[in-house]
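Architecture at a glance
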Amino acid sequence: MNNFLIPANTKRSMLIFGIFRKIDLIIFVIGVVLTFILIWLIPPNNLVDIGVDVLPLVVSAIMVMPIPNQMNIWAFTVNIYSFLVHQRNYRWRGWCMIDGKQKDK
């Protein structure tokens, strides 16, 4: 009998720090760089400017935050974006339609 036990943490060894993928760190670094560029271009004078300057860092940190079922949430977000951006033409083919034409009785 060849019954092999696969440890629960086999995928963690392929991740950076056991948590992040390469794309996660790239997204976070882009957020940090954009934040520094915005701080340099728009010096924060009031609370709104601080919010605008820090927004890329906050969004990128939320995107890469290690939460349970993160890949499921990421795939769900990508599916929603794809659904909203790409136009589709759905044709109704129910029991009363044949090849897009209504059935005559």
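This report concerns the structure included in the present document. (Residues numbered from 1 in each chain as written. Predicted model: local features only at pLDDT ≥ 70, side-chain atom pairs only at ≥ 80, totals over all residues. Heavy atoms only, no water.)

**Section: the overall build of the protein**
- A tally of helices and strands in the protein yields three helices and two strands.
- For the protein, the α and β elements follow one another from N to C terminus as α-α-α-β-β.
- Counted over contacts in the protein with a minimum sequence separation of 6, partners at least 24 positions apart contribute 39%.
- A total of about 9700 Å² of accessible surface is found on the protein, and carbon and sulfur atoms cover 68% of it. (Helix = DSSP H or I, 4+ residues; strand = E, 2+ residues; numbered from the N terminus. Contact = heavy atoms within 4.5 Å. Areas by Shrake-Rupley, 256 points an atom, 1.4 Å probe, with all protein chains shown as cover.)

**A word on the packing of helix H1 (residues 22-41) against helix H2 (residues 47-64)**
- Taken N-terminus to C-terminus, the directions of H1 and H2 make an angle of 170°; their axes are 7 Å apart at the nearest point. Put simply, H1 runs roughly antiparallel to H2. Where H1 abuts H2, its residues Asp24, Ile27, Phe28, Gly31, Val32, Leu34, Thr35, Leu38 and Ile39 lie against Val52, Asp53, Val54, Pro56, Leu57, Ser60, Ala61, Met63 and Val64.
- When the residues that make up the contact of H1 with H2 are grouped by side-chain class, the tally is 13 nonpolar, three polar and two charged. (Axes fitted to C-alpha atoms, helices over the stretch in contact; angles between N-to-C directions. Parallel < 35°, antiparallel > 145°, perpendicular 65-115°, else oblique. Nonpolar A, V, L, I, M, F, W, Y, C, P; charged D, E, K, R; others polar.)

**Regarding a nonpolar patch on the surface**
- Together, Ile23, Ile26, Val29, Ile30, Val33, Leu34, Ile37, Trp40, Leu41, Ile42, Val48 and Val52 line one region of the surface with nonpolar side chains, adding up to about 1100 Å² of accessible area.
- Among the secondary structure elements, those contributing two or more residues to the nonpolar patch are H1 and H2.
- In terms of residue count, H1 provides more of the nonpolar patch than any other element does, nine residues in total.
- For Leu34, the position within the fold is in helix H1. (Patch = residues over 30% accessible without salt bridge, like charges linked within 9 Å, V, L, I, M, F, W, Y side chains within 5 Å. Salt bridge = Lys/Arg side-chain N within 4 Å of Asp/Glu carboxyl O.)

**Quick notes on H2**
- In a regular helix each residue adds 1.5 Å, so 18 residues correspond to 26 Å; H2 covers 25 Å between its end C-alpha atoms and thus fits that length.
- By the largest-angle criterion, Val54 marks the main kink of H2, which is about 45°, and a proline, Pro56, follows within four residues.
- Along H2, the residues classified as buried are Asp49, Asp53, Pro56, Ser60 and Val64. (Expected span 1.5 Å × (residues − 1). Bend = angle between axes of the 7 residues up to and from the residue. Buried < 20%, exposed > 50% of the residue type's maximum accessible area, 1.4 Å probe, protein only.)

**What about H1?**
- Between its terminal C-alpha atoms H1 stretches 29 Å, which fits the 28 Å expected from 20 residues at 1.5 Å a residue.
- By the burial criterion, the buried members of H1 are Asp24, Ile27, Gly31 and Thr35. Taken around the axis of H1, the buried residues stretch over an arc of 75°, which confines them to a single face. Facing away from the buried side of H1 by over 90 degrees, the exposed positions are Lys22, Phe36, Trp40 and Leu41. (Arc of directions from axis to C-beta.)

**Here's the deal with the environment of Pro56**
- Within the secondary structure, Pro56 is located in helix H2.
- Pro56 sits in the buried class, given a relative accessible area of 17%.
- For the pair Pro56 and Ile27, spaced 29 residues apart in the sequence, the C-alpha separation amounts to 9.9 Å.
- Once residues within four sequence positions are removed from consideration, Pro56 is found in contact with Gly31, Leu34, Thr35 and Leu38.

**Points about the side chain of Thr35**
- Mapped onto the elements, Thr35 comes out in helix H1.
- At 3.0 Å, the side chain of Thr35 forms a polar contact with the backbone nitrogen of Leu57.
- Those residues in contact with Thr35 that sit more than four places away from it in its chain are Asp53, Val54, Pro56 and Leu57. (Polar contact = N/O pair within 3.5 Å; in protein donor to acceptor, adjacent residues only side chain to side chain.)

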